[in-house]
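So you can see what is in the structure, the chains are spelled out below.
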Amino acid sequence: MCQSPLHDFLQGLPKCEHHVHLEGCLTPELIFQLAERNGITLPDPATNPAYASVEALTTRYEHFTSLDDFLHFYFEGMAVLKKEQDFADLAWSYFQKAHADGVHHAEVFFDPQVHQSRGVPYQTIVAGFSAGCQRAERALGLSTRLILCFVRHLPVASAKEVYEEFLSHQHFESGVVHGLGWSSSEVGPPKDMFRELYASAAEKKVPLTAHAGEEGDPSYISTALELGAERIDHGIRLIENPELMQRVAREGILLTVCPLSNVRLRCVPSVADVPVRRFLEAGVKFSINSDDPAYFGGYILDNYCAVQEAFNLSVLEWRIIAENSVQESWIEDSRKATLLERIETHVKEHLSGSV
Ligand SMILES: Nc1ncnc2[nH]cnc12
Ligand SMILES: [Zn+2]
């Protein structure tokens, strides 16, 4: 729990999460449990001491040296997911934690190519994650959106295959998958590798987002926008290009910022170096998110608290962040109105001294 006097206010503040990878919610405990349940052999601790125990794995996660160092463990860990129920259980475990942290709406990523590459069918993955979303909607009153991510470390041909499955199952039209994103290694593969796929999806009016400006310079952000992304995941290196920053502010493009992730992956030395204040001053819209909470030492409330400890924001500034998070969510206007009302009530209660 954070020490800030605003802790209770932040806990109760209605939140929208826009940047969390369901596979990034796979805790070391769940990795060991699912490996046992599915008869999967984890890497040999004799050569990979990180896998000696839950504690050893947790400790290893505190020492990532880069995005790619983290991705190695992230892809290795997700090999324990095999059956539809595994995917459903994983999603449900995230939604319960998010609900406890005051999340009312969650847009969640998943990486089908990586599961398919080890023989799990597309339908198993989507059916499991979608069941987890439906359970959260029913049992917790959360609204949810699934966002399918293409991964940059695998060939474009494999992204094309998954896109064709997404189209043939009519997953966009039926609302099962709401949008598309891209993620994984940033620097290295061609910036515009998904040009063709994004052009096709944009024509069908599929909402698009993209990881950019995390490790990569601002040209990764401008390329993502050029390809049709309407939102940018991370985007912290935007501050290196003032002209682009002005454009992002002017066009109301949302950045889905993940402070604890940025520190763990050494994109910044500390949360105080995430450009939260600069973005607020420049009128750049952003939300605060957990990215891969099982790997980065905190869920969304921990990220809100870390920002508060670093920047000492006012209640009014938090209100702006919360309202922008609602306004830029991929939800119907009626749901936005409900969430905005909840924020207003919460702020008023806090200011009147009852929260
Ligand atoms: N922080 C991150 N950046 C890029 N790809 C990811 N996949 C999961 N987490 C990611
Ligand atoms: Zn991410």
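About the thresholds
Residues numbered from 1 in each chain as written. Chains lettered and ligands numbered in written order. Predicted model: local features only at pLDDT ≥ 70, side-chain atom pairs only at ≥ 80, totals over all residues. Heavy atoms only, no water. Helix = DSSP H or I, 4+ residues; strand = E, 2+ residues; numbered from the N terminus. Rg over C-alpha atoms; globule rule 2.2 N^0.38 Å. Buried < 20%, exposed > 50% of the residue type's maximum accessible area, 1.4 Å probe, protein only. Contact = heavy atoms within 4.5 Å. Areas by Shrake-Rupley, 256 points an atom, 1.4 Å probe, with all protein chains shown as cover. Near = heavy atom within 4 Å. Polar contact = N/O pair within 3.5 Å; in protein donor to acceptor, adjacent residues only side chain to side chain. Nonpolar A, V, L, I, M, F, W, Y, C, P; charged D, E, K, R; others polar. Pairing = 2+ DSSP bridges. Axes fitted to C-alpha atoms, helices over the stretch in contact; angles between N-to-C directions. Phe/Tyr/Trp six-rings, centres within 6.5 Å; stacked < 30°, edge-to-face > 60°. Lys NZ or Arg CZ within 6 Å of the ring centre and 35° of its normal. Donors = N, O, S within 2.8 Å, 3.2 Å for Na, K, Ca; no water. Tetrahedral: all angles 85-135°; square planar, octahedral: opposite > 155°, others 65-115°. Lys, Arg positive; Asp, Glu negative; His and termini not counted. Salt bridge = Lys/Arg side-chain N within 4 Å of Asp/Glu carboxyl O. UniProt positions renumbered as here; feature names shortened; annotations may be inferred.

## A closer look at the overall build of the protein
Argument step 1. Within the protein, the secondary structure is distributed over 17 helices and eight strands.
Argument step 2. In terms of overall dimensions, the protein is globule-like: its C-alpha atoms have a radius of gyration of 19 Å, near the 20 Å expected for 355 residues.
Argument step 3. Taken over the C-alpha atoms alone, the protein extends approximately 55 × 45 × 40 Å along its principal axes.
Argument step 4. By residue count, 57% of the 355 residues in the protein fall in the buried class.
Argument step 5. Pairs at least 24 apart in sequence give 75% of the contacts found in the protein among residues at least 6 apart.
Argument step 6. If you sum the accessible surface of the protein, you get close to 14000 Å²; carbon and sulfur atoms cover 50% of it.

## A few points about the site of ligand 1
Argument step 1. Around ligand 1, the neighbouring residues are H21, L67, F70, L71, Y74, S183, S184, H211, E214, H234, D291 and D292.
Argument step 2. In the model, a nitrogen atom of ligand 1 is placed 2.7 Å from a nitrogen or oxygen of the S184 main chain.
Argument step 3. In the environment of ligand 1, a nitrogen atom lies 2.7 Å from a nitrogen or oxygen atom belonging to the side chain of D291.
Argument step 4. Considered on its own, ligand 1 offers 260 Å² of accessible surface; in the complex 100% of this is hidden by protein.
Argument step 5. The class makeup of the residues in the shell around ligand 1 is four nonpolar, five polar and three charged.

## Quick look at the sheet that holds strand β3 (residues 143–151)
Argument step 1. An order of β1-β2-β3-β4 is seen for the four strands of this open sheet, with the pairing classed as parallel. Either end of the sheet is taken by a strand with one partner, and the two such strands are β1 (15–21) and β4 (179–183). Each neighbouring strand pair of the sheet contributes to a mean axis angle of 30°, computed without reference to strand direction.
Argument step 2. By the bridge criterion, six bridges tie strand β2 (residues 103–110) to β3 in an arrangement that is parallel. Pairing of F110 across the sheet is with L148, part of β3.
Argument step 3. Most of the contacts of helix α5 (residues 84–100) go to β2, to which it runs at about 145°, and overall it touches β1, β2 and β3.

## Re the packing of aromatic side chains
Argument step 1. Considering all chains together, one arrives at 23 aromatic pairs under this definition.
Argument step 2. Taking the centre distance of 5.7 Å and the plane angle of 25° together, the rings of Y61 and F64 count as stacked.
Argument step 3. Looking at F64, the relative accessible area reads 1%, which means it is buried.
Argument step 4. Relative to F73, the ring of Y61 lies with its centre 6.3 Å away and its plane at 75°, an arrangement referred to as edge-to-face. A residue pair is termed long-range when its members are at least 10 positions apart, and Y61 in the loop between α3 (54–60) and α4 (67–77) and F73 in helix α4 qualify at 12 residues.
Argument step 5. Its relative accessible area of 7% is what places F73 among the buried residues.
Argument step 6. Directly above the aromatic system of Y304 lies the positively charged group of K15, at a separation of 5.3 Å from the ring centroid.
Argument step 7. Looking at R231, its charged tip hangs above the ring of W330, at a distance of 4.0 Å from the centre.

## Notes on the environment of S66
Argument step 1. Structurally, S66 is set in the loop between α3 and α4.
Argument step 2. Expressed as a C-alpha distance, the spacing of S66 and S352, which sit 286 residues apart in the sequence, is 45 Å.
Argument step 3. Setting aside its immediate chain neighbours within four residues, S66 contacts E215 and L265.
Argument step 4. Polar contacts involving the side chain of S66 include one to the main-chain amide nitrogen of D69, which spans 3.1 Å.

## What about the coordination of the zinc ion (ligand 2)?
Argument step 1. Surrounding the zinc ion (ligand 2) are the protein donor atoms H19 (NE2), H21 (NE2), H211 (NE2) and D291 (OD), at 2.1 to 2.3 Å.
Argument step 2. Considering all four donor atoms around the zinc ion (ligand 2), the spread of angles at the metal, 84 to 172°, places the coordination shape in the irregular class.
Argument step 3. Binding-site remark: the zinc ion (ligand 2) is held by donors from one chain whose sequence spacing is H-x1-H-x189-H-x79-D.
Argument step 4. Here H19 falls in the buried class, since its relative accessible area comes to 0%.
Argument step 5. Taking relative accessible area as the criterion, H21 reaches 4% and is therefore assigned buried.

## So, the side chain of D292
Argument step 1. Note on placement: D292 falls in the loop between β8 (286–288) and α14 (293–296).
Argument step 2. No salt bridge is formed by the buried D292; its nearest oppositely charged neighbour, R264, is found at 11 Å.
Argument step 3. Filtering out sequence-adjacent residues up to four positions away, D292 remains in contact with H21, G24, F70 and Y74.

## Let's talk about the UniProt feature "domain: Adenosine deaminase" (unreviewed entry) in the protein
Argument step 1. Under the UniProt annotation, "domain: Adenosine deaminase" (unreviewed entry) lies at residues 14–345.
Argument step 2. Note that residues 14–345 is 49% helix and 13% strand, and that its end C-alpha atoms are spaced 10 Å apart.

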